[in-house]
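The chain contents come next:
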Amino acid sequence: MQWRTERIIFSQLFQSSMVSVHVPSLTFSNGYKMPVIGLGTWKSKPGDVQRAVVDAIDAGYRHLDCAYMYGNESEVGEGVKLKVQEGVVQREDLFITSKLWNTFHRPDLVVSACKKSLSLLGLEYVDLYLMHWPFAFKEDGDLIPTDADGNIVLSDVDYLATWREMETCVHLGLTHSIGLSNFNSQQIERLLVSAEVKPANLQIECNPYLTQKKLINFCQSRGIEVTAYSPMGSPDSPYLKAGMPRLLEDPGLHQVAHRVGKSVGQVVLRYLVQQGISAVPKSVTKSRIQENINIFDFELSDADTSYIDSFNQNLRICHRDHARGHKFYPFNVEF
Ligand SMILES: NC(=O)c1ccc[n+]([C@@H]2O[C@H](COP(=O)([O-])OP(=O)(O)OC[C@H]3O[C@@H](n4cnc5c(N)ncnc54)[C@H](OP(=O)(O)O)[C@@H]3O)[C@@H](O)[C@H]2O)c1
């Protein structure tokens, strides 16, 4: 059985006005704890996302996954403010992540970018600040800067220089922990050599079609906790092309879901957290938001887990192809 109970050190009964859910947490190497299910917010429109945050907190979520790039941090912050004002949660009960976008990698821009996200979210600190990608874009203009031909304009700032200022964000108390997203094992290894503050977390695309076994093992052996993004296969992604298989329609997953009496989404999330990683499913639909956190009353057997392992196709949806030519593009190596 792959349910790595030794990694789920901390658990807590989260009380809310609506339901009680027993959500385990992972403990970072620095002692901070991250609930294993969080609400994703990419593509959640301003107008939808505040309600989604409110519904999520009511359903027992205490982990919110945000980013400057998503363009909705102020609405996420409004949802948080509402639930704090209502007394449903206190700020300290929540684990909130934001991410440094690629146009702010130049060292003099990092701290101010973090402060900008804090101001949008209406927070004094975030729990986790991630470098969204290892490669940088031309600084300080459009979030996706393009030239006259429509090609992305890259920048050669080294992520090691960016990391030093991520460390400054910790020293200034702007974030409890810092981490990485979309880095490969070689890039993480290179960063670990000089990092004064170790990355607590790596956030990567991960689901039964992209199981990431080697990268997960690599991180766990180095004390870096892993978070799965696009756990549902990102069916609303602008990068999902016609003809690509749809994870939530997979007949094998439907078979398992039918047998265990859960939805396909719940089976996928259970499969991920049983590997000792966290997941941040996005939804703006109240029933799905509730469904996605109600995965702690069943276990997948070893046989089911191995069966789902066999669905891996190394199918990456969020590949950011436009940066493929960058020296720090992460997906040109095996893991
Ligand atoms: N670090 C990075 O570079 C990066 C990249 C991508 C994503 N992320 C993070 O990861 C989060 C999740 O990834 P994602 O947004 O790409 O995709 P996802 O969570 O895999 O899928 C979201 C889609 O699945 C639907 N859905 C959610 N729960 C469902 C369920 N139980 N049954 C059926 N459909 C369900 C949602 O619909 P409704 O919303 O309509 O309910 C939405 O269309 C993001 O929102 C973001 O926070 C990070």
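- Under an unreviewed UniProt entry, the chain has the name 1,5-anhydro-D-fructose reductase and belongs to Zootermopsis nevadensis.
- The UniProt entry for the chain carries the following text under Sequence similarities (unreviewed entry): "Belongs to the aldo/keto reductase family."

1. As for unusual backbone geometry
Only a minority of non-glycine residues have a phi that is not negative, and only a minority of peptide bonds are not trans.
Point 1. Its identity as a non-glycine residue notwithstanding, Asn314 has a phi of 50°, on the positive side.
Point 2. Within the secondary structure, Asn314 is located in the segment after α10 (302–309).
Point 3. At Arg320, a residue that is not glycine, the phi angle is positive and equals roughly 45°.
Point 4. With respect to the helices, strands and loops of the structure, Arg320 is situated in the segment after α10.
Point 5. A residue is classified by how much of its surface remains accessible, and Arg320, at 8% relative accessible area, is buried.

2. Topic: the pairing of strand β7 (residues 126–131)
Point 1. Of all six residues making up β7, six are buried, and the element is well covered by its neighbours.
Point 2. Both strand β6 (residues 95–100) and β7 contribute to a ladder of four bridges, which runs parallel. When the bridges of β7 are listed, Thr97 appears paired with Leu128.
Point 3. Between the parallel pair β6 and β7, the chain is carried across by helix α3 (residues 107–121), and the sense of this crossover is right-handed.
Point 4. Relative to strand β10 (residues 175–181), β7 is paired through five bridges, and the arrangement is parallel.

3. With respect to the site of the ligand
Point 1. Lys43, Asp65, Ser234, Ser283 and Thr285 are the nearest of the 29 residues found near the ligand.
Point 2. Between the ligand and Pro231 there is a distance of 3.3 Å, counted from an oxygen atom to a backbone nitrogen or oxygen.
Point 3. Here the ligand has 910 Å² of accessible area as a free molecule, and 92% of this is covered by the chains.
Point 4. A molecule is said to occupy a pocket when more than half its atoms come within 2 Å of that pocket's grid points, and by this definition the ligand occupies the largest pocket.
Point 5. For the shell around the ligand, the leading source of residues is helix α9 (residues 286–293), giving three residues.
Point 6. Within the shell around the ligand, the residues separate by chemical class into 10 nonpolar, 12 polar and seven charged.

4. Some points on the pairing of strand β12 (residues 225–229)
Point 1. With respect to burial, β12 is a largely interior element, five of its five residues being buried.
Point 2. Side chains Glu225, Thr227 and Tyr229 project from β12 onto one buried face, and the interleaved Val226 and Ala228 project onto a second face that is buried too.
Point 3. The pairing of strand β11 (residues 201–205) with β12 spans five bridges and is classified as parallel. By the bridge assignment for β12, Asn201 is matched with Glu225.
Point 4. Once you follow β11 into helix α6 (residues 213–221) and on to β12, the crossover reads as right-handed.
Point 5. Here β12 runs beside strand β13 (residues 278–279); their pairing, made up of two bridges, is parallel. Looking at β13, one finds that Thr227 is bridged to Ser278.

5. Overview of the layout of surface pockets
Point 1. One number sums up the size of the largest pocket: a volume of about 690 Å³.
Point 2. Along its surface, the largest pocket is lined by 35 residues, and Lys43, Ser234, Pro235, Asp236 and Lys282 are the ones closest to its centre.
Point 3. The element that contributes the greatest number of residues to the lining of the largest pocket is α9, accounting for three residues.
Point 4. Among the residues making up the lining of the largest pocket, the classes are represented as 14 nonpolar, 13 polar and eight charged.
Point 5. Considered as a void within the structure, the second largest pocket measures approximately 360 Å³ in volume.
Point 6. For the second largest pocket, the lining is made up of 19 residues, of which Gln212, Asn314, Arg316, Glu334 and Phe335 are closest to its centre.
Point 7. Looking at the lining of the second largest pocket element by element, the count peaks at three residues for α6.

What counts as what
Residues numbered from 1 in each chain as written. Predicted model: local features only at pLDDT ≥ 70, side-chain atom pairs only at ≥ 80, totals over all residues. Heavy atoms only, no water. UniProt positions renumbered as here; feature names shortened; annotations may be inferred. Helix = DSSP H or I, 4+ residues; strand = E, 2+ residues; numbered from the N terminus. Buried < 20%, exposed > 50% of the residue type's maximum accessible area, 1.4 Å probe, protein only. Pairing = 2+ DSSP bridges. Right-handed = clockwise from strand over helix to strand, strands pointing away. Near = heavy atom within 4 Å. Polar contact = N/O pair within 3.5 Å; in protein donor to acceptor, adjacent residues only side chain to side chain. Areas by Shrake-Rupley, 256 points an atom, 1.4 Å probe, with all protein chains shown as cover. 1 Å grid on protein atoms, 1.4 Å probe; cavity = no way out; pocket = protein on both sides within 12 Å on 5 of 7 lines; lining within 4 Å. Sits in = over half its atoms within 2 Å of the grid points. Nonpolar A, V, L, I, M, F, W, Y, C, P; charged D, E, K, R; others polar. Points joined across faces, edges and corners; volume = space filled by probe spheres on them.

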